[in-house]
Amino acid sequence: MMPESVAAGRIALSIVVVIIAGTIAFALLNLKRGRVDPAEYAIGGRSFGTIFLWVLLAGEIYTAFTFLGAAGWIYLHGAAAYYIPAYGAIGYLVGYALLPRIRRLGAERGLVTAPDLLANYYRSPRLGVLAAILYVVLALPYVTLQLSGLQIVLSSAGYGWLNGTLGAAVAFTAIALFTFTAGLRGTAWASLVKDGLVLAVVLFAGVAIPIHFFGSLGGMFAQLQRTNAALLTLRSGDAPLGQVWFVTTVLFTGIGFYMGPHSIAATFSARSDNTLRRNAMLLPLYSIVLVVIFFAGYAALLLVPGLHGHAADRSFLLVIARYYPPWVMGFVAGAGALAALVPSSALILASAAIAVRNIVRPAFPGRIDTRHETLAMRLAVIAISAAALLAWWLVPETLGSLLLVYYSGITQFLPGVVGAAFGLRLRGIAVTLGLAAGVVTAALLTYVLAHLGFNPGLGGLIVNLAVVGIVERLSPKTKTSPPMADSSLEAPTTD
Amino acid sequence: MNSWRTRALRIAIALLPVLAFAVGTPLLNRVEPQILGIPLNLAWVILWILLTPICLLAIERLRRSQG
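It should be emphasised that the depicted structure is a prediction, and the values quoted were computed from it without experimental measurement. (Residues numbered from 1 in each chain as written. Chains lettered and ligands numbered in written order. Predicted model: local features only at pLDDT ≥ 70, side-chain atom pairs only at ≥ 80, totals over all residues. Heavy atoms only, no water.)

A. The arrangement of the interface of chain A and chain B in detail. Tallying the contact residues gives 31 residues for chain A and 29 residues for chain B. Interface of chain A and chain B: buried area, both sides summed, is about 2,700 Å²; carbon and sulfur atoms make up 75% of it. Interface area lost by chain A to chain B is led by L93, Y96 and M281 of chain A, which between them contribute 23%. Elements represented by at least two residues in the side of chain A that touches chain B include exactly α5 (83–109), α9 (217–227), α10 (243–255), α12 (273–282) and α13 (287–303) of chain A. Top contributing element to the side of chain A that touches chain B by residue count: α5 of chain A, with six residues. Its residues assigned to classes, the side of chain A that touches chain B shows 24 nonpolar, six polar and one charged. (Contact = heavy atoms within 4.5 Å. Buried area = accessible area lost by both parts, 1.4 Å probe. Helix = DSSP H or I, 4+ residues; strand = E, 2+ residues; numbered from the N terminus. Nonpolar A, V, L, I, M, F, W, Y, C, P; charged D, E, K, R; others polar.)

B. Geometry of the environment of V332 of chain A. All names here are of chain A. Among the structural elements, V332 can be located in helix α15 (residues 326–363). Placed 95 residues apart in sequence, V332 and R427 show a C-alpha to C-alpha distance of 50 Å. If we ignore the near neighbours within four places in the chain, the residues touching V332 are F67, V201, F316, L317 and I320.

C. Layout of a nonpolar patch on the surface. All names here are of chain B. The grouping of I11, L15, L19, V23 and L27 at the surface amounts to a nonpolar patch, some 470 Å² of accessible area in total. Among the secondary structure elements, I11 is positioned in helix α1 (residues 3–27). I11 sits in the partly exposed class, given a relative accessible area of 49%. (Patch = residues over 30% accessible without salt bridge, like charges linked within 9 Å, V, L, I, M, F, W, Y side chains within 5 Å. Areas by Shrake-Rupley, 256 points an atom, 1.4 Å probe, with all protein chains shown as cover. Salt bridge = Lys/Arg side-chain N within 4 Å of Asp/Glu carboxyl O. Buried < 20%, exposed > 50% of the residue type's maximum accessible area, 1.4 Å probe, protein only.)

D. Representation of unusual backbone geometry. With an omega of -5°, the peptide bond between E32 of chain B and P33 of chain B qualifies as cis. Relative to the helices and strands, P33 of chain B is located in the loop between α1 and α2 (40–66). Phi is positive for R46 of chain A, close to 50°, though the residue is something other than glycine. Tracing the sequence through the fold places R46 of chain A in the loop between α2 (38–43) and α3 (50–59). Phi is positive for R123 of chain A, which is not a glycine, with a value near 50°. In this structure, R123 of chain A sits in the loop between α6 (114–121) and α7 (125–157).

In short, geometric facts, not functional conclusions.
The following block contains the structure:
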């Protein structure tokens, strides 16, 4: 252990701690005082305007994975990483059409969680329970992904002096306690700080670094063409991460962009349909942030060459550590830590609300009334955070591939959610079986037949839709009443 | 009576960025000619990031004019 690195680590980590603590304090100071009902705790009392939704609907999706993983993808796979802004833009288009309809259903029927939407619209408590279990199980890898990001950021800021694993566990515990106290409104305030800081750091990294070392972006790409020309284009045809993979992944991930439990919760938190539509128009600009991160990734490839696998996720932080003073590392790592912690907070909160409303409450009917529901959600926040931490210790994985598993899973909710948003008269049993078949297929394709050359989740979705179609066809037409008559839209069907 | 046409137009405009990103990017899979020093495929992605809000604005205008 060199004394210099200890000093550098102390400076950088102090800045990280101040940034995390400052963000939490800022968010807590902005909270409303008084009694918090479940809708206020989980979805901000359906009161959020354009700015909060902007940070919740983009900032919570672009996470530490974006920060480190996008640069790491550029470093390892080059042009394949362009799928990230591409699917985002498609996600915003889908969101424009879908989210206002989901919000309206939520407000009219008093829905708080994504499984609430499915269970209520399809009048199927069983679908609600299946959806809830799937959401909570799928959300866990996404949270552990953030923990891995956090570990990388903290160990880089510690210059080898700090055990990143322990640091990540401590920071994560702090954010779990914050989520316990603050609910979605606090998360939105924290997200605001996080996005501001991330934007500043990304602009520095992606614009200043290439100009500093290569004179201009053109100079950087000219050098890349000499040393890493193959990375600047996609591999052809159905090669791994090739053109076919690109098309299928962009389309699939794009349509699944808003299927995450925290995105549906954010949708329910919107004040009005127009807030969501206005947001859809502003959100694509967030993707510029990603392009700037790509520049940083390419710069890292030239400045710290020779990294493989996991190590590439550190590439951009290595550039900072090698060429910049510790205080710069402090701000970069602080932004990275927030990018891991704040989306974790939103995701854990959404999972906790789901666990309480759609798993525990149906299991013990009449035992949890509205007064106790907020408390139950708070306790679930702690339980899920602890579970995520344990899972992270037991099953470590690479950043990018975990995200693809998450996406291939949550996108299987698409038929049910789209059906509800557009008033399709599908049967609960068809949606339930389709969802189950889709998730099983996607998991099999991902884990058993790895490296297909096309997106495994898309295979799952095709099976999912086929099952929905077949069950609809086979079940008798007259047996059940249509899930939604137009008149039922006016009257809320739950509490 | 005009509403289905407006709706079709809105869907057509929405499909532009989808096709540009998902199909256009892998087809324009080359570095040259560079635009402002940026490889062509990446410049294409940047262009459509900027055009997507404009497409959405057009769709929103059509929706409002429809009432």
